[in-house]
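Here is what each chain is made of, one letter per residue.
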Amino acid sequence: MCRSDVTRAVLAKNDDLAARLRGELTGRGVTVVNLLSSPGSGKTELLGRVLARAGERGVPVAALTADLATENDAVRLARSGAPVQQVLTDGLCHLEARQVRARLDGWLPDDTAVLFVENVGNLVCPASYDLGETLRIVLMAVTEGEDKPLKYPTAFGSAHLVVITKTDLAGPAGFDEAAFRAHVERVNPGVEVVRSCARTGDGVDTLLEQALAARTGTPAHHPPLAPHPHSHDHAGTPHGHGHDPAGAPQGHGHGHRATVS
C-alpha cells in the first residue's frame, strides 16, 4: 500500500469515527466547535473570553485544548470557570477524532451545550481531520499577513467562520483588511469574516452567538472544502507533515488527563 493509500485509509477511519461522534453528541444536545489557527494567533485568550461570557450568561460550555507539551493553556482557560481538559499529543501535529472521543467519557458534563476544541496550533494537518464538529472556525491574527488564506487554502476553505484576531494591532502591523477579505472570499466564497480583540472583548459575543446558532442545525454557510458530510477525497490535500499517519503513535492520550476545572 503506497503512502497516499495509507493516508486516505487513516483519514477515512477518522471521518467515520467523527461522524459517529457528531451524531452521539448532537443527540445529547452538545455542539462541537473546532478552533484552528497558527501558533500565536491569540485563540487561547479569545476562547477564554468566550468561555467566561458564556458563564456570565448561564450557558453551559466546556473546552478541550491540545498542545504538544505543557498544560499552560488548560490552566489559562480554567480561569473562566468552565470545565477544561488538556490533551497532550506528544509531538503529533493535530488532534484526531479518537483523541476527542477518549477525553469525553466520564468527563463532559451532561448539561453541556457547546464543547469548544482548541486544536494544535497548525493550519496544515488539522484541516484534514474532522473532530465531530458542527462549526469549524479558522482564526488569524493581523500580524500574520493578508495572504495567509492563499497559502493555507484547505484550512480557510473548510471554515464555516473566519475570525480576525488582535485587531488592536492592525494599525502598527499595517494590516490590509480589504485584501485579506478578498483572499478569504477567493478560497471560501460567502464565508463570514468576524473581527475580534481579546483585550477589548470585541467579537466575543458574536463568537458565542455563532456557536449557539450552530446548535439549531448545520451552519448556514457551506464551505467548498467542508469537513463533513465526510468525504474520503479531502480535496486531494497532501498530508505533508513529515510523518506517516499509519506509523503515528496511537496512545497520544496517554494519561496526561490533567483535568482543570
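Everything in this summary refers to the structure shown in the same document. (Residues numbered from 1 in each chain as written. Predicted model: local features only at pLDDT ≥ 70, side-chain atom pairs only at ≥ 80, totals over all residues. Heavy atoms only, no water.)

**Side note on the overall build of the chain**
A count of helices and strands for the chain gives nine helices and eight strands. Residue burial in the chain is summarised as follows: out of 261 residues, 52% are buried. Accessible surface, the chain: about 10,700 Å² in total, of which carbon and sulfur atoms supply 51%. (Helix = DSSP H or I, 4+ residues; strand = E, 2+ residues; numbered from the N terminus. Buried < 20%, exposed > 50% of the residue type's maximum accessible area, 1.4 Å probe, protein only. Areas by Shrake-Rupley, 256 points an atom, 1.4 Å probe, with all protein chains shown as cover.)

**Re helix H8 (residues 177-187)**
Taken residue by residue, H8 has Phe180, Val184 and Val187 as its buried positions. When H8 is viewed along its axis, its buried side chains cluster within an angular range of 70 degrees and face the same direction. Exposed residues on H8 whose side chains face more than 90 degrees from its buried face are Ala178 and Arg186. Looking at the buried positions of H8, the neighbouring elements they touch are strand S5 (135-141), helix H5 (148-151), helix H6 (153-157), strand S6 (161-165) and strand S7 (192-195). For H8, the capping residue at the N-terminal end is aspartate 176, with a side-chain oxygen 3.3 Å from the backbone nitrogen of alanine 178. (Arc of directions from axis to C-beta. Contact = heavy atoms within 4.5 Å. Polar contact = N/O pair within 3.5 Å; in protein donor to acceptor, adjacent residues only side chain to side chain.)

**Description of helix H4 (residues 97-104)**
Within H4, the full set of buried residues consists of Ala97, Gln99, Val100, Arg103 and Leu104. Buried residues along H4 cover an arc of 165 degrees about the axis, so they all sit on one side. Downstream of H4 by one or two residues, glycine 106 has phi in the positive range, about 75 degrees.

**As for the packing of helix H2 (residues 43-56) against helix H9 (residues 204-214)**
The contact between H2 and H9 brings their axes to 9 Å, and the two run at 70 degrees. With respect to H9, the element H2 is oriented roughly perpendicular. Across the interface between the two elements, Leu46, Arg49, Val50, Arg53 and Ala54 from H2 touch Val204, Asp205, Leu207 and Leu208 from H9. Considered class by class, the residues forming the contact of H2 with H9 number six nonpolar, no polar and three charged. (Axes fitted to C-alpha atoms, helices over the stretch in contact; angles between N-to-C directions. Parallel < 35°, antiparallel > 145°, perpendicular 65-115°, else oblique. Nonpolar A, V, L, I, M, F, W, Y, C, P; charged D, E, K, R; others polar.)

**Section: the packing of aromatic side chains**
Tallied over the entire structure, the rule returns two aromatic pairs. Between phenylalanine 156 and phenylalanine 180, the aromatic rings sit 6.4 Å apart at their centres with planes inclined by 80 degrees, giving edge-to-face as the arrangement. Here phenylalanine 156 is found in helix H6, whereas its partner phenylalanine 180 is found in helix H8, with 24 residues between them in sequence. Neither phenylalanine 156 nor phenylalanine 180 differs from the other in exposure class; each is buried. Both rings, one in phenylalanine 175 and one in phenylalanine 180, keep their centres 5.7 Å apart while their planes meet at 50 degrees; by these two values the pair is tilted. When its relative accessible area of 12% is taken as the criterion, phenylalanine 175 is described as buried. (Phe/Tyr/Trp six-rings, centres within 6.5 Å; stacked < 30°, edge-to-face > 60°.)

**Here we look at unusual backbone geometry**
The backbone of threonine 70 shows a phi angle near 70 degrees, a positive value even though the residue is not glycine. Locating threonine 70 in the fold gives a position in the loop between strand S2 (61-67) and helix H3 (72-78). Given the relative accessible area of 41%, threonine 70 is considered partly exposed. Even without glycine at this site, lysine 166 takes up a positive phi of about 55 degrees. Along the chain, lysine 166 falls in the loop between S6 and helix H7 (170-173).

**Digging into the nonpolar core**
Ranked by internal contacts, the top residues of the largest apolar core, which has 30 residues, are Val33, Leu51, Val61, Val114, Phe116, Ile137 and Val163. Only strand S1 (31-36), H2, S2, H3, strand S4 (114-118), S5, S6 and H9 provide two or more residues apiece to this core. Take this core: its biggest share by element is six residues, from H9. When near neighbours in sequence (up to four residues on either side) are disregarded, valine 163 contacts Leu46, Ile137, Val138, Leu139, Met140, Val194, Ser196 and Leu207. Counting 18 residues, the second-largest nonpolar core is a separate cluster that includes Met140, Ala170, Val184 and Val193. (Core = buried A, V, L, I, M, F, W, Y, C linked by side-chain atoms within 4.5 Å.)

**Overview of the pattern of salt bridges**
Once their charged atoms are close, side chains differing in charge can pair, the charge on each being opposite to the other. On inspection of all chains with the given rule, the structure shows 15 salt bridges. Among the salt bridges present, the one from arginine 98 reaches glutamate 96, with a minimum N-O distance of 2.9 Å. The class of arginine 98 is partly exposed, set by a relative accessible area of 21%. Since its relative accessible area comes to 9%, glutamate 96 is described here as buried. (Salt bridge = Lys/Arg side-chain N within 4 Å of Asp/Glu carboxyl O.)

From the geometry alone we can't say anything about function, so treat these as descriptive.
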